Amino acid sequence: MLDLEVVPERSLGNEQWEFTLGMPLAQAVAILQKHCRIIKNVQVLYSEQSPLSHDLILNLTQDGIKLLFDAFNQRLKPNFAHGLASLQIPHGATVKRMYIYSGNSLQDTKAPIMPLSCFLGNVYAESVDVLRDGTGPAGLRLRLLAAGCGPGLLADAKMRVFERSVYFGDSCQDVLSMLGSPHKVFYKSEDKMKIHSPSPHKQVPSKCNDYFFNYFTLGVDILFDANTHKVKKFVLHTNYPGHYNFNIYHRCEFKIPLAIKKENADGQTETCTTYSKWDNIQELLGHPVEKPVVLHRSSSPNNTNPFGSTFCFGLQRMIFEVMQNNHIASVTLYGPPRPGSHLRTAELS
């Protein structure tokens, strides 16, 4: 049984770790992983078919604690604790059941903004707008949040809010100056989809590989060309539970203007967001000409993916990775095609 201290309207924890209202899901999971010898039998509860209709819950069954995370922003909201004989509150009372929340009433409260103590030197994306030109996606405009002082619009004494933009064709140095160092640099292996290319036996092996900048707290990956070191692809992650990459990325709150492909809709645009469903997007853009690429991720050839396959559809220089519940797992944005080249859905990997 855990020995925990409650700070009203703020947190539940001890000297080693603390679950704070407004904490991102990934940080709470990191605490549980680090202390897995003490905190055991943790369940992850969510709605497989309707992940936005129910809170995501980390259920600490052995210790009688439920951590509730908002289905949309995935931050810790008022949480429920019961059966904690050793739970201590400042005045020395012992309780059997309690809720921890901020605000005037439990019914009206919701997940607060992320507290400054949870930034840990990282920058988070409040929103990501996809910029378009006449032919398709041109780049990203990111509204970023960081803790600390410095140039930028101050939301309060210590919160920095600022905007940065990155575009296709930007150099590696341009991106570093705009967004800072990535959390990880990932080098692609040989393209597994080359078998779908014309004359695959004539493909010349590459001496160097394209590479990704992984920005986990932004929910964004940026792919650079191995030869020019310029941006050629953006990947935006929605971080839905039930996807193979769940909890690797912070949810990217993106907005993508779509050029509508309907009669009498010339020049009109609609917006695709993190919460749009594939059926609604198809109604606006029309059905893809090519069949979807079935994507089945696994950690090794001998391992199975318990979440099943996803399906990748290409439209308007974008590839939508669709989960079996019709939600979007990721959106891949491509730059203008090179002269003489043809964009294929098979280029996803």
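For the structure given in this document, a descriptive report is provided here. None of the values given here were measured: they were computed from a predicted structure. Note that residues are indexed from 1 along each chain, following the sequence as it is written. Reporting of local features is limited, given that this is a predicted model, to residues whose pLDDT is at least 70; pairs of side-chain atoms are given and counted only at 80 or more, and all residues count toward the totals for whole chains, interfaces and linings. As a convention, hydrogens and water are excluded, and side-chain values are obtained from all of the structure's heavy atoms.

1. A few points about the side chain of S171
1) Next: Under the DSSP-based scheme used, a helix requires at least four consecutive residues in state H or I and a strand at least two consecutive residues in state E, with every element numbered from the N terminus. Following the sequence through the fold, S171 ends up in the loop between β12 (159-167) and α2 (172-179).
2) Next: Relative accessibility under 20% of the residue-type maximum defines a buried residue, over 50% an exposed one, and the middle range a partly exposed one, all with a 1.4 Å probe and only protein chains included. For S171, a relative accessible area of 17% corresponds to the buried category.
3) Next: If near-sequence neighbours (up to four positions away) are discounted, S171 is found in contact with F224, H229 and K230. Note on contacts: a residue pair qualifies if any of its non-hydrogen atoms lie within 4.5 Å across the two residues.

2. Observations regarding the packing of aromatic side chains
1) Next: Stacked, tilted and edge-to-face are the three classes applied to pairs of Phe, Tyr and Trp rings, where Trp contributes its six-membered ring and a pair requires centres within 6.5 Å; stacked means planes under 30 degrees apart, edge-to-face means over 60, and tilted covers the rest. Inspection of the entire model under this criterion finds 13 aromatic pairs.
2) Next: Note on Y211 and F224: the rings are 5.4 Å apart at their centroids and 20 degrees apart in plane angle, and the pair reads as stacked. Remark: F224 occurs in strand β15 (residues 220-224) and Y211 occurs in strand β14 (residues 211-215); sequence separation between them is 13 residues. Comparing Y211 with F224, the two get one shared label, buried.
3) Next: Within the aromatic cluster, the residues linked to one another by ring pairs are Y187, Y211, F213, Y215 and F224.
4) Next: Cation over ring: R160 sits above F162, and NZ or CZ is 4.4 Å from the ring centre. Geometrically, a lysine NZ or arginine CZ counts as sitting over a ring once it is within 6 Å of the ring centre and also within 35 degrees of the ring normal.

3. Comments concerning the sheet that holds strand β2 (residues 11-13)
1) Next: What makes two strands pair is DSSP finding at least two bridges between them. The strand order across the open sheet built from three strands is β1-β2-β3, with neighbouring strands paired in antiparallel fashion. Every other strand in the sheet has two partners, leaving β1 (5-7) and β3 (18-20) as the edge strands with one partner each. Ignoring strand direction, the axes of neighbouring strands in this sheet form an average angle of 15 degrees.
2) Next: Sheet topology places β1 next to β2; three bridges connect them, and they run antiparallel. Along β2, the bridge assignment pairs E5 with G13. Comment: axis = line fitted to C-alpha atoms, over the contacting stretch for helices; angle = value between 0 and 180 degrees taken between N-to-C directions.

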